[in-house]
Amino acid sequence: LKDGRRFEGTILKETASEVVFKTRFGELTFARSEISRLEKGLTPAQEFDRRWTDCVSSEEFFALGQWAADKNLRNEMRRAMNKVLTLDSQHAGANTALGLVPYKGRWVKPEERERLKQKAHAEDMRQRGLVQHAGQWVTLAEKKHLEAGEVYFEGRWLKPGDLERAQGLERLDGEWVIAGRAASVLNARAILEGSGGGGQIAVGTSVLVAGPFEQGR
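Residues numbered from 1 in each chain as written. Predicted model: local features only at pLDDT ≥ 70, side-chain atom pairs only at ≥ 80, totals over all residues. Heavy atoms only, no water.

A. Up close: the sheet that holds strand β1 (residues 10-14). Read across the open sheet, the three strands follow the order β1-β2-β3; overall the sheet is antiparallel. Each edge of the sheet is formed by a strand with only one pairing partner; in this case those strands are β1 and β3 (26-31). Across the sheet, the mean angle from the axis of one strand to that of its neighbour is 25°, orientation sign disregarded. (Pairing = 2+ DSSP bridges. Helix = DSSP H or I, 4+ residues; strand = E, 2+ residues; numbered from the N terminus. Axes fitted to C-alpha atoms, helices over the stretch in contact; angles between N-to-C directions.)

Next up, the structure:
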């Protein structure tokens, strides 16, 4: 066309004032005044049909499929590749062109391969005597501990709270703190309570002070 666009199709009707085409977008009508030139010949789809009749072997149909892909003839490409597979079901190029991937001697869709892999893995785990817990494969004994809320630490299973204590922590005012500091705070509180004078406890990085503090000092 004079505006730079180009269309390919079959001429259905041609008059002195307009031309009607059948294209992959449907029927299109253009005024003669819009057309810069008409190039008559086979459309890519027609050329595909012509070449199809010349193909015999799987490799010839595969080459035709590649040609169709280069011409953006998606449906024709799939038609040619499917023809290849009727002649050679294990043809790697045709299977790949159709979006299939290999899995244990078969060609399947990627999502199907992933499903089969997961199924095979699950079967392997079950044969080993493992079961699933929270998305992980564990032994029946481990599952029992985990369901009880226990944690495996340094070769043993610990109940809730025992893990923190095994790491040198103690509970103080609702928080886990270093055991030594917790003991110091509790001892200081006991001293203050025993003195009957009350007071405050100040805890620093390595120093704990208990007693009445003067304001402003």
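B. Quick look at the environment of L73. Tracing the backbone shows L73 in the loop between α2 (58-70) and α3 (74-87). As a C-alpha pair, L73 and F48 span 25 residues in sequence and 8.9 Å in three-dimensional space. Leave out the neighbours within four places in its chain, and L73 touches P44, A45, F48, W67 and A68. (Contact = heavy atoms within 4.5 Å.)

C. Representation of the packing of α2 against α3. Between α2 and α3, whose axes approach to 8 Å, the crossing angle comes to 165°. It follows from the interaxial angle that α2 and α3 lie roughly antiparallel. In this structure, α2 crosses over α3, and the sense of that crossing is left-handed. For the pair formed by α2 and α3, the contact residues are S58, F61, F62, L64, G65, Q66, A68 and A69 on the first element and E76, M77, A80, M81, K83, V84 and L87 on the second. Taken together, the residues that form the contact of α2 with α3 break down as 10 nonpolar, three polar and two charged. (Parallel < 35°, antiparallel > 145°, perpendicular 65-115°, else oblique. Left-handed = near helix turned anticlockwise from the far one by under 90°. Nonpolar A, V, L, I, M, F, W, Y, C, P; charged D, E, K, R; others polar.)

D. Summary view of helix α1 (residues 44-52). Every buried residue of α1 is accounted for by P44, E47, F48 and W52. The buried residues of α1 occupy an angular sector of 140° when the element is viewed end-on, so they sit on one face. Buried residues along α1 sit against α2 and α3. (Buried < 20%, exposed > 50% of the residue type's maximum accessible area, 1.4 Å probe, protein only. Arc of directions from axis to C-beta.)

E. Highlighting the nonpolar core. Judged by nonpolar contacts, the single largest core of 16 residues is most densely connected at F48, W52, L64, W67, A68, M81 and A94. The residues touching M81, leaving out its near neighbours within four places in the chain, are F62, G65, Q66, A94, A97 and L98. In this structure, L1, V19, F21 and I35 belong to the second largest nonpolar core, which totals five residues. (Core = buried A, V, L, I, M, F, W, Y, C linked by side-chain atoms within 4.5 Å.)

F. Region of interest: the pattern of salt bridges. Counted by the stated rule, this structure contains 10 salt bridges. Put simply, D3 and R5 hold a salt bridge, and the shortest N to O gap is 2.8 Å. K143 serves as the salt-bridge partner of E147, at 3.9 Å between the closest nitrogen and oxygen. Taken together, the positions of E147 and K143, both in helix α6 (residues 140-147) and four residues apart, correspond to about one turn of that helix. For K143, a relative accessible area of 25% gives the class partly exposed. (Salt bridge = Lys/Arg side-chain N within 4 Å of Asp/Glu carboxyl O.)

G. Structural view of the pairing of β1. Relative to strand β2 (residues 18-23), β1 is paired through four bridges, and the arrangement is antiparallel. Looking across to β2, one finds that K13 is bridged to V20. A loop of three residues connects β1 with β2, the two strands running antiparallel in sequence.

H. Structural view of the packing of α1 against α3. Where α1 meets α3, the axes come as close as 11 Å, and the angle between the chain directions of the two elements is 15°. Considering the angle they form, α1 stands roughly parallel to α3. Relative to α3, the crossing made by α1 is left-handed. Contacts between α1 and α3 involve A45, F48, D49 and W52 from the first element and E76, R79, A80 and K83 from the second. In the contact of α1 with α3, the residues fall into four nonpolar, no polar and four charged.

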